[in-house]
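# Per-entry structural report
Each chain is listed here by its residues.
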Amino acid sequence: MAIVYDTFQQEAPSRLPLLFATAADRTVAWRDGAAVTAAQFLGHVRQVAAQLPATAATVNLCEDRYAFLVAFCAIALRGQTNLLPSSRAPQAVDEVMAAHPGCHVLGDLPLDLAPPRYQTMSPLEATAESSDFVLPLIDADQVVAIGYTSGSTGAPSANRKTWRSFHASTEGNLRMLRAELGQRFEVVATVPPQHMYGIEMSVLLPLLGDIGIHAGRPFFPADVAAALAEVPAPRVLVTTPVHLRALVDSGIALPPLAAMVSATAPLSGELALAAEQRFGAPLLEVFGSTETCVFASRRASVQEEWSLFDGVQLHPQPDGTLVDAPQLDDAVALADLVSLHDGGRRFRLRGRRADLLEIAGKRASLADLTRRLLAIPGVRDGVMLQLDDADTIGVRRIAAVVVAPGLDEHTILDALRRAIDPLFLPRPLRLVDALPRNETGKLPRAALLALLQTADEGHSPN
């Protein structure tokens, strides 16, 4: 085995490995029921890299997780940037392309409505012999990805990630996971690879740790069980609260798990405990953002406080929190309000400034109101939000959008009256078939307001 500078790049003063591997036969991924070795993986990466057009950036729209992983590395190997829209919706892709004139788009499937300059990846058939096995190096300061936020609190924003920052953030994730699981484990993920949580847990872990990733992205409980059965133990399921709830409620048995990991939305202690009891494995919740990557974790079934990763410091501010972390060049401001404990090594979330409500001198938080809504028997999903426009006396109303088959609005409001101050009762409360959650389970505010408007237009007062 040798480490060499890649032929696609010019020399740079500081380089870091594209892939961790001590041997050519190290398993990087599980695809179609078979292991993909490091040598085969690098053969696929070089095959795709050689076919990429000369451009500064490429939108990575590959759906298959292994294809995304190969494309991600091929784009980086060419000295380009992976552009990661907040969703695969044509409008989201168009907005990213408009912000990066001349960029190309790479996918693994033909598209009926393909964006301009769309290229379909050729079949990944190349293999590499162990004698050809060399590990490429990437300029540590190369911007390998620009991730866009989900839009759950407003318009998506761009976040640049260098290869150095990804190495640093992955070190924290590996340290946290290995403390629970040991050195080697296999990952099945329900989250898409395009989003930062998916990048961290299903792209960077197999690249920079001795970890294998399942190529699929199972959605339904039966698909999750089948994917887990295709990888050896110890198995880790990377998922979201929405998928966890579906798995717990499904009654489907899963192959033995070593651990579960959850993020993208608040995880209640009740759901965490139910998942641990149902599947016999610890559930680790991670905390971070597209701006910061993951920087803290906890076991939600038994812990309210979050433990910071090594080298991370939080600095509470009146309107949020400044985060210092090894993966950040400068401190990043988050809207989350926290209180520090244990000499600053642990913290508790106190909500977000934007979530805090004050009406007629009384205070509440949208997060707590939503929690109480979801605690009502028969409510399967729901959210509370504050509308943008004020009423005639200057108060911005609280609204609720709820999925609760078998319940009517009056029943839900009666239950809420017993749980919250009447000043914070949602007006309106609208029942819908499903909430507009994105691929990671988040609720983009624009989509939520559009759904609420549609529900209002079709609502007939009693």
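Reference entry: report on the structure contained in this document. (Residues numbered from 1 in each chain as written. Predicted model: local features only at pLDDT ≥ 70, side-chain atom pairs only at ≥ 80, totals over all residues. Heavy atoms only, no water.)

## What to know about the sheet that holds strand 18 (residues 296–298)
Pairing is mixed in the open sheet, where eleven strands are placed in the order 4-3-14-13-15-16-17-18-19-24-23. In this open sheet, the two strands that pair with only one neighbour each are strand 4 (34–37) and strand 23 (336–341). The sheet shows a mean angle of 30° between the axes of neighbouring strands, direction not considered. With four bridges connecting them, strand 15 (residues 235–239) and strand 16 (residues 259–262) associate as parallel partners. In the sheet register, Thr239 faces strand 16, and the bridge partner there is Ser262. Against the sheet, helix 1 (residues 38–51) touches strand 3 (27–31) and strand 4, its axis set at about 70° to strand 4. The strands that helix 5 (residues 196–208) touches are strand 3, strand 13 (185–189), strand 14 (211–214), strand 15, strand 16 and strand 17 (283–287); relative to strand 14, the one it contacts most, it runs at about 125°. (Pairing = 2+ DSSP bridges. Helix = DSSP H or I, 4+ residues; strand = E, 2+ residues; numbered from the N terminus. Axes fitted to C-alpha atoms, helices over the stretch in contact; angles between N-to-C directions. Contact = heavy atoms within 4.5 Å.)

## Side note on the sheet that holds strand 11 (residues 143–148)
Sheet architecture is open: six strands sit in the order 8-7-5-6-11-12, paired in mixed fashion. Looking at the sheet topology across the chains shown, the edges are occupied by strand 8 (118–120) and strand 12 (158–162). Within the sheet, the average angular offset between the axes of one strand and its neighbour, ignoring direction, is 25°. By the bridge criterion, three bridges tie strand 7 (residues 104–107) to strand 8 in an arrangement that is parallel. The residue of strand 8 that forms the bridge with Gly107 is Thr120.

## A look at the packing of aromatic side chains
Taken as a whole and judged by the stated rule, the model has nine aromatic pairs. Between Phe287 and Phe295, the aromatic rings sit 5.4 Å apart at their centres with planes inclined by 85°, giving edge-to-face as the arrangement. Both residues of the pair, Phe287 and Phe295, belong to the buried class. Note on Phe287 and Phe347: the rings are 5.6 Å apart at their centroids and 70° apart in plane angle, and the pair reads as edge-to-face. You can see Phe287 sitting in strand 17 and its partner Phe347 sitting in strand 24 (residues 346–352), a full 60 residues away along the chain. Across the pair, Phe347 and Phe287 agree in class, each one buried. Through a chain of ring-to-ring contacts, three or more aromatic side chains come together here, namely Phe287, Phe295, Trp306 and Phe347. (Phe/Tyr/Trp six-rings, centres within 6.5 Å; stacked < 30°, edge-to-face > 60°. Buried < 20%, exposed > 50% of the residue type's maximum accessible area, 1.4 Å probe, protein only.)

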